[in-house]
Amino acid sequence: MILEYEDFERILNIGIRMSTEKNRNKLLASILENGMAITHCDASTLYLYENDRLIFKIMKTFSLGISRGVDGKPISDLPPVPMTEANVCAYAALHREIVNIPDVYDSNRFDFSGPKKYDNLTGYHTRSLLVIPLINNEKELLGVLQLINAMDENGNVIPFDQQHEIIIHSLGSMAAIELTNLSYVEELKAQLRSFVEAFATAVDERTPYNGTHTRKVAEYCQLLADYIAKKHAAGECIENFDEERKENLFLAAQLHDIGKMVIPLRIMNRATRLDTDMERVENRFELLASYYEIDKLSGRITDEEYEIKTTELIDELSFIHEIDKAGYLDDAKLQHVKELAEKSYTKKDGTKLPYLTEREVDCLSIRKGTLTDSDRKQMESHAVMTRKILEKVRFQHNYEMVPQWAADHHEYLDGTGYPKGLSGDEINLETRILTVADIYDAMTSVDRPYKTPMPKEKAFSILRSMAEDGKLELRLVNWLEEALDEKETSK
């Protein structure tokens, strides 16, 4: 066999394709298929070296129509090959040596009882073998490629040409290096994912009222991305989400609330308007009742005045308990709070003890929700802190947009969001998806102490209303609802 220019060109093109392949299983299949094409052989087996054994990874036999492992499914019915020198593949691996056997039935160098038994069972006839260890540039064994039955132009089985050894050895070396590089990339990705999951867990575990939020938002984002990819495949949507883009969105979703690490728990865990401050109010009202009783006993006030004050304290404390947990305060209740803020007890020395502190009045004056304006600003600062924290992390170029998508999840299309007031095309599709998912979970979540979970239908009604107001993208709202309906139907 004489190598022609076309042969070298083919080898170089194979190397180029291998260097750009990002899918590990496709790369493994490429090693086997190109090896078979170059040597014109009928069958081949690719083994990977794992736990001091050779594991069957991919098998092909053209004449028998066999193709296993190409799709990534494990070949679990065939036991691993032990690393003993009697086995030709194990020998090649142990000695880092190419083995070329012209005819296994005319060789006693190795134990070929396995191939012969296979021949008896299938009617196949194994004859020539070429076994090449896959060694990377760090001299590490990654696996073994076994080529079986080289064929001439007429389809006759012939020995493997010695020049095939050079070509396949070169192919194996290139493939081993690319496999190693791909493993490094996968390790870096795994490290990034574990880092992200650790931070997401820390955020959710910091408060019992946020225990599943990050995970569920990520799930909704992934569900919506899958649905968009499905619509794209059906020709119903221009945008598409391949695996890499979905992974980036998933990471952004897991990191979107990382800024809450710096938000005080007294704000994060605010279940009611007063929350833990209610106990201080109750103690103060008990103290006020004692003061009025002392005043009655000392003659400072009459029995009738004492009864009026005692009744007043009971009624006002009951009112405070009522509005502390109320979802919404009307104007009459807010006016009552304003009047209550003016009430106080005057001590003997002329100093006054207000029924409520300024902070308590601010909390009880919240029309809706549990946060004051200053509390809300602190809570909203988590978006800024998310960006600041993630800017300290070095994201490789494939993930460079993740911090921005995560930090912008409270931006609205009409420019009324925060922290930067972005609008329209300034907001990426990934951020728009994350925003819809975040709001949906906030409304339907069952672990929020300050509100009851909203039914799915009502939540989507509000989301559509927000979209009609120009804040959200309507098609994303509809698609999320469709995706959720589809998921529920498939259960």
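Scroll up a little and you will see the structure.
Residues numbered from 1 in each chain as written. Predicted model: local features only at pLDDT ≥ 70, side-chain atom pairs only at ≥ 80, totals over all residues. Heavy atoms only, no water.

## Description of the overall build of the protein chain
- Along its length, the protein chain carries 17 helices and 10 strands.
- Here the C-alpha atoms of the protein chain give a radius of gyration of 36 Å, more than 25% beyond the 23 Å that 2.2 N^0.38 yields for 491 residues.
- With respect to the three principal axes, the spread of C-alpha positions in the protein chain is 125 × 45 × 40 Å.
- Out of the 491 residues in the protein chain, the part that is buried amounts to 43%.
- For the protein chain, the proportion of contacts with a sequence separation of at least 24, taken over those separated by at least 6, is 64%.
- If you sum the accessible surface of the protein chain, you get close to 25,700 Å²; carbon and sulfur atoms cover 51% of it. (Helix = DSSP H or I, 4+ residues; strand = E, 2+ residues; numbered from the N terminus. Rg over C-alpha atoms; globule rule 2.2 N^0.38 Å. Buried < 20%, exposed > 50% of the residue type's maximum accessible area, 1.4 Å probe, protein only. Contact = heavy atoms within 4.5 Å. Areas by Shrake-Rupley, 256 points an atom, 1.4 Å probe, with all protein chains shown as cover.)

## Focus: the nonpolar core
- With 34 residues, the main nonpolar core has Ile433 and Leu472 as its most contacted residues.
- Where this core is concerned, the elements lending two or more residues are helix H6 (213-233), helix H7 (243-255), helix H15 (429-444), helix H16 (456-468) and helix H17 (474-490).
- Per-element tally for this core: the top contributor is H6, with 9 residues.
- With 26 residues, the next largest nonpolar core counts Ile75, Ala93, Tyr124 and Ile135 among its residues. (Core = buried A, V, L, I, M, F, W, Y, C linked by side-chain atoms within 4.5 Å.)

## Quick notes on the pattern of salt bridges
- For the coordinates displayed, the defined rule picks out 33 salt bridges.
- Between arginine 270 and aspartate 375 there is a salt bridge; the shortest N-O distance is 3.2 Å. Here arginine 270 is found in the loop between helix H8 (265-268) and helix H9 (278-298), whereas its partner aspartate 375 is found in helix H13 (residues 373-391), with 105 residues between them in sequence. Aspartate 375 shares its class with arginine 270; the two are buried.
- For glutamate 473, the salt bridge is made with arginine 432, and the minimal N-O distance between the two is 2.9 Å. Separated by 41 residues along the polypeptide, glutamate 473 in the loop between H16 and H17 and arginine 432 in helix H15 bring together distant segments of the chain. (Salt bridge = Lys/Arg side-chain N within 4 Å of Asp/Glu carboxyl O.)

## A short note on the side chain of glutamate 430
- Of note, glutamate 430 is situated in helix H15.
- Among residues more than four places away in sequence, those in contact with glutamate 430 are Phe241, Arg245, Leu249 and Trp405.

## Quick word on the layout of surface pockets
- In this model, the second largest pocket occupies a volume close to 720 Å³.
- Tyr47, Phe56, Gly114, Pro115 and Tyr118 are the residues nearest the centre of the second largest pocket, which is lined by 30 residues in total.
- Mapped by element, the contributors of at least two residues to the lining of the second largest pocket are strand S1 (41-50), strand S2 (53-61), strand S4 (81-82), helix H3 (88-95), helix H4 (113-122) and strand S7 (141-151).
- By residue number, the principal contributor to the lining of the second largest pocket is H4, which donates 5 residues.
- Looking at the lining of the second largest pocket, its residues break down into 19 nonpolar, 8 polar and 3 charged. (1 Å grid on protein atoms, 1.4 Å probe; cavity = no way out; pocket = protein on both sides within 12 Å on 5 of 7 lines; lining within 4 Å. Points joined across faces, edges and corners; volume = space filled by probe spheres on them. Nonpolar A, V, L, I, M, F, W, Y, C, P; charged D, E, K, R; others polar.)

## Digging into the environment of arginine 266
- Tracing the backbone through its elements, the reader meets arginine 266 in helix H8.
- With 130 residues separating them along the chain, arginine 266 and asparagine 136 place their C-alpha atoms 56 Å apart.
- If near-sequence neighbours (up to four positions away) are discounted, arginine 266 is found in contact with Arg359, Asp375 and Gln378.
- Within the structure, arginine 266 has its side chain in polar contact with the side chain of glutamine 378 (distance 3.4 Å). (Polar contact = N/O pair within 3.5 Å; in protein donor to acceptor, adjacent residues only side chain to side chain.)

## Topic: empty space enclosed by the protein
- One pass over the structure, following the stated rule, counts 1 cavity of 30 Å³ or more.
- By volume, the largest cavity amounts to about 60 Å³.
- Looking at the largest cavity, the residues that line it are Glu411, Tyr412, Leu413, Ile427, Arg432, Thr435, Val436, Lys471, Leu472, Glu473 and Leu476.
- The leading source of residues in the lining of the largest cavity is H15, at 3 residues.
- Looking at the lining of the largest cavity residue by residue, the class counts come to 6 nonpolar, 1 polar and 4 charged.

## So, the pairing of S2
- Both S1 and S2 contribute to a ladder of 8 bridges, which runs antiparallel. Bridge pairing links tyrosine 49 to leucine 54 in S2.
- Between S1 and S2, which pair antiparallel and follow one another directly, the connecting turn spans 2 residues, one of which, asparagine 51, has a positive phi of 55 degrees.
- Alignment of S2 against S4, held across 2 bridges, turns out to be antiparallel. The residue of S4 that forms the bridge with arginine 53 is proline 82.
- In terms of strand pairing, S2 meets strand S3 (residues 66-68) through 3 bridges, oriented antiparallel. Across the sheet, the residue bridging to methionine 59 is arginine 68, located in S3.
- Connecting S2 to the next strand, S3, in antiparallel fashion are 4 residues, including glycine 65 with a positive phi near 70 degrees. (Pairing = 2+ DSSP bridges.)

## Regarding the packing of H9 against helix H10 (residues 303-324)
- One can describe the packing of H9 onto H10 by two numbers: an axis separation of 9 Å at closest approach and a directional angle of 175 degrees. In terms of orientation, H9 and H10 fall into the roughly antiparallel class. On H10, the residues that touch Met278, Val281, Glu282, Phe285, Leu288, Ala289, Tyr292, Glu293 and Lys296 of H9 are Asp303, Tyr306, Lys309, Leu313, Glu316, Leu317, Ile320, His321 and Asp324.
- Considering only residue class, the contact of H9 with H10 consists of 10 nonpolar, 1 polar and 7 charged. (Axes fitted to C-alpha atoms, helices over the stretch in contact; angles between N-to-C directions. Parallel < 35°, antiparallel > 145°, perpendicular 65-115°, else oblique.)

## Digging into the pairing of S7
- Within S7, 9 of the 11 residues are buried, which leaves it mostly tucked inside the rest of the structure.
- Pairing geometry for S1 and S7, over 7 bridges, is antiparallel. Each bridged residue has a counterpart across the sheet, and for serine 44 the counterpart in S7 is leucine 147.
- When strand S6 (residues 129-135) meets S7, the two strands line up antiparallel, connected through 7 bridges. Considered in S7, the bridge of leucine 134 is made with glycine 143.
- Here S6 folds back onto S7 in antiparallel fashion, the turn holding 5 residues, of which lysine 139 has a positive phi close to 65 degrees.

## Some points on the state of the cysteines
- One pass over the full model with this rule turns up 0 disulfides.
- Residue cysteine 221 stays outside any disulfide, its sulfur separated by 16 Å from that of cysteine 237, the closest cysteine.
- Under the relative-accessibility criterion, cysteine 237 is labelled buried at 8%. (Disulfide = S-S within 2.5 Å.)

From the geometry alone we can't say anything about function, so treat these as descriptive.
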